[in-house]
Amino acid sequence: MYSARQLKMARTVVILVWIFASASFFFPLYYTDAGALGRTLFGLLIAVHLVEFPLFMKTYREAGGSLLSHFPRHMAFGVVYRAAVLGNTAPK
């Protein structure tokens, strides 16, 4: 699977993408082309993660715990979180 180092790096990249996408709703990025890209990226991230979650629900049920605890982590990290769950190295 993936090493803990690889998962940590992937989580860091995903968080940075979310920060950029969220910052695109505010000055000074809002009025730039990069801001438009960031807002589009934000919408795509939300949409893709909402579609992915039901697809990965079986994995989360098998991993144990509440689906309500898996949902926010999945919305933040998507397939990176799923890879962590599959490898039993999910962030606590």
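For the structure, see preceding data.
Conventions adopted
- Residues numbered from 1 in each chain as written.
- Predicted model: local features only at pLDDT ≥ 70, side-chain atom pairs only at ≥ 80, totals over all residues.
- Heavy atoms only, no water.
- Helix = DSSP H or I, 4+ residues; strand = E, 2+ residues; numbered from the N terminus.
- Buried < 20%, exposed > 50% of the residue type's maximum accessible area, 1.4 Å probe, protein only.
- Contact = heavy atoms within 4.5 Å.
- Phe/Tyr/Trp six-rings, centres within 6.5 Å; stacked < 30°, edge-to-face > 60°.
- Lys NZ or Arg CZ within 6 Å of the ring centre and 35° of its normal.

Asker: Explanation requested: the side chain of histidine 74 in the structure shown.
Answerer: Tracing the backbone through its elements, the reader meets histidine 74 in helix α3 (residues 67-77). Look at histidine 74 and you get buried, because its relative accessible area is 0%. Not counting residues within four places of it along the chain, the set of residues in contact with histidine 74 comprises His49, Glu52, Phe53, Phe56, Tyr60 and Tyr81.

Asker: When you look at the packing of aromatic side chains in this model, what are you seeing that I'm missing?
Answerer: Each pair of aromatic rings is reported with the distance of its centres and the angle of its planes. Taken as a whole and assessed by the stated rule, the structure comprises six aromatic pairs. Seen from their ring centres, phenylalanine 25 and phenylalanine 42 are 5.2 Å apart, and the 80° between their planes marks the pair as edge-to-face. One end of the pair, phenylalanine 25, is in the loop between α1 (4-23) and α2 (33-63); the other, phenylalanine 42, is in helix α2, with 17 residues separating them in the sequence. Using a relative accessible area of 37% as the deciding quantity, one classes phenylalanine 25 as partly exposed. Classification of phenylalanine 42 by relative accessible area gives partly exposed; the value is 25%. An aromatic cluster is built from Phe53, Tyr60, Phe71 and Tyr81, whose rings are joined through pairwise contacts. The ring of phenylalanine 56 carries the charged tip of arginine 82 above its face, separated from the ring centre by 4.4 Å.

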